[in-house]
Amino acid sequence: MEADKSGEGEKAGGKTISFRCSDGQAFHMPVAAAMLSTAIRKMFDKYPSIDHGGVIELPHQISSGIFPKVKEYCTKHAKVDDKGNPTVSTNTGAAAAASSSSTDDEEEDLKNWDKEFVNMEVKPLHDLLLVAHLLDIKGLFHITCRKVADMLKGKTSEEMRQILNIRNDFTEEEDKAIKEQNPWVFPDPE
Amino acid sequence: MASSDVSVDVRPEFNSFDHLRSIRYIATDRPWLTLYGIRVQPVTPFSSLSSRPDLALIHQCLPDELLFEIFARMSPYSLGRAACVCRKWKYTVRNPTLWRNACLKTWQRTGMEANYQMVQSLYDSSWRKMWMLRPRIQFDGISSRRILS
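Scoring rules and cut-offs
- Residues numbered from 1 in each chain as written.
- Chains lettered and ligands numbered in written order.
- Predicted model: local features only at pLDDT ≥ 70, side-chain atom pairs only at ≥ 80, totals over all residues.
- Heavy atoms only, no water.
- Core = buried A, V, L, I, M, F, W, Y, C linked by side-chain atoms within 4.5 Å.
- Buried < 20%, exposed > 50% of the residue type's maximum accessible area, 1.4 Å probe, protein only.
- Helix = DSSP H or I, 4+ residues; strand = E, 2+ residues; numbered from the N terminus.
- Domains from an automatic or database assignment.
- Pairing = 2+ DSSP bridges.
- Axes fitted to C-alpha atoms, helices over the stretch in contact; angles between N-to-C directions.
- Phe/Tyr/Trp six-rings, centres within 6.5 Å; stacked < 30°, edge-to-face > 60°.

As for the nonpolar core
Taken as a class, soluble globular proteins show a tendency for nonpolar side chains to be buried jointly.
Okay, step 1: F67 of chain A together with W89 of chain B are the most contacted members of the largest nonpolar core, which totals 71 residues.
Okay, step 2: Counting residues per element, this core draws most heavily on helix α8 (residues 138–152) of chain A, which supplies eight residues.
Okay, step 3: Here this core spans two domains, since at least three of its residues come from each of domain 1 (55–94) and domain 2 (96–136) of chain B.

Now the structure itself:
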């Protein structure tokens, strides 16, 4: 299965990069997809030998359980031009206006795919957010942050605590003072 | 610091090292030795008062700057509620950048320069105070002032 995917990467992006998680499991990703990560791009520029069968050791925070999700995101978002150079898709209004209707549809599909992609439990979402931060994958970082923010949108403080399993560490006096300062009796107008 | 000279008695098996008999060592007081074995608990401003570990995934997994990034994508009303969740969140939500962005977004028609002048002259350079005190139109058409933590 993994070999098939890496084979597809060979055809599409030309070359693949190998990654090894802290538990020893190896993954292959097309170069164009890996270039979505600023950290990997900088590493690639500094150590070109990675291109020739080198393996990138991933930090211990990036588990083999979450890395396939990162690979899935990067592979989906990576686009390669005629010369084989990676071009990162930017979902800006100006770019969308300049492009054709088919490109607009692609952008819309990608946005919908992103929404579905981050539709997951709290634990993997946190792991994904941390990986996006460590590898500096801007698009993934944005959608994961947005997802956590959306999970908390319109919720009361107690509901926020329940969603994220946070303990109320205020003293009774502090709690009372905070409630007096924050009379959240109105619904969220936004 | 008081210091006393101590002569060292060399054991018989070290007779070959006769010169050691005459060496005199200076023994100084070493008060830091009393600290060994004592574990000093670091003071963490946002930690719980109780000794129970923090089970929250968001605190275990994510550094503070990521928490800020999440808050940056929340509405000011949600931020106000988030400030009531726990101490760590309360202090993170007080970051002026969050409130500056909220103010500039809410009163963008006023213009950035005018907003900066207003916050300095009327609200003691506090964006949070500006958000709390400056009247704004809600979607239901009522001018409201909302008090945040």
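Read on, since the account is not over.
Considering the sheet that holds strand β2 (residues 26–30) of chain A
All names here are of chain A.
Okay, step 1: Pairing is mixed in the open sheet, where three strands are placed in the order β2-β1-β3. At either end of the open sheet lies a strand with only one pairing partner, and these are β2 and β3 (55–57). Strand-to-strand twist in this sheet, taken as the mean axis angle between neighbours without regard to direction, amounts to 30 degrees.
Okay, step 2: Both strand β1 (residues 16–20) and β2 contribute to a ladder of five bridges, which runs antiparallel.

Structural notes on the packing of aromatic side chains
Residue and element names in this part refer to chain A.
Okay, step 1: Tallied over the full model, the rule gives seven aromatic pairs over all chains.
Okay, step 2: A ring pair is formed by Y73 and F117, whose centres lie 5.8 Å apart and whose planes are at 40 degrees; its orientation type is tilted. One end of the pair, Y73, is in helix α4 (residues 67–77); the other, F117, is in helix α6 (residues 101–117), with 44 residues separating them in the sequence. F117 matches Y73 in its accessibility class, with the two residues each being buried.
Okay, step 3: Taken together, the ring pairs connect F19, F27 and F67 into an aromatic cluster.

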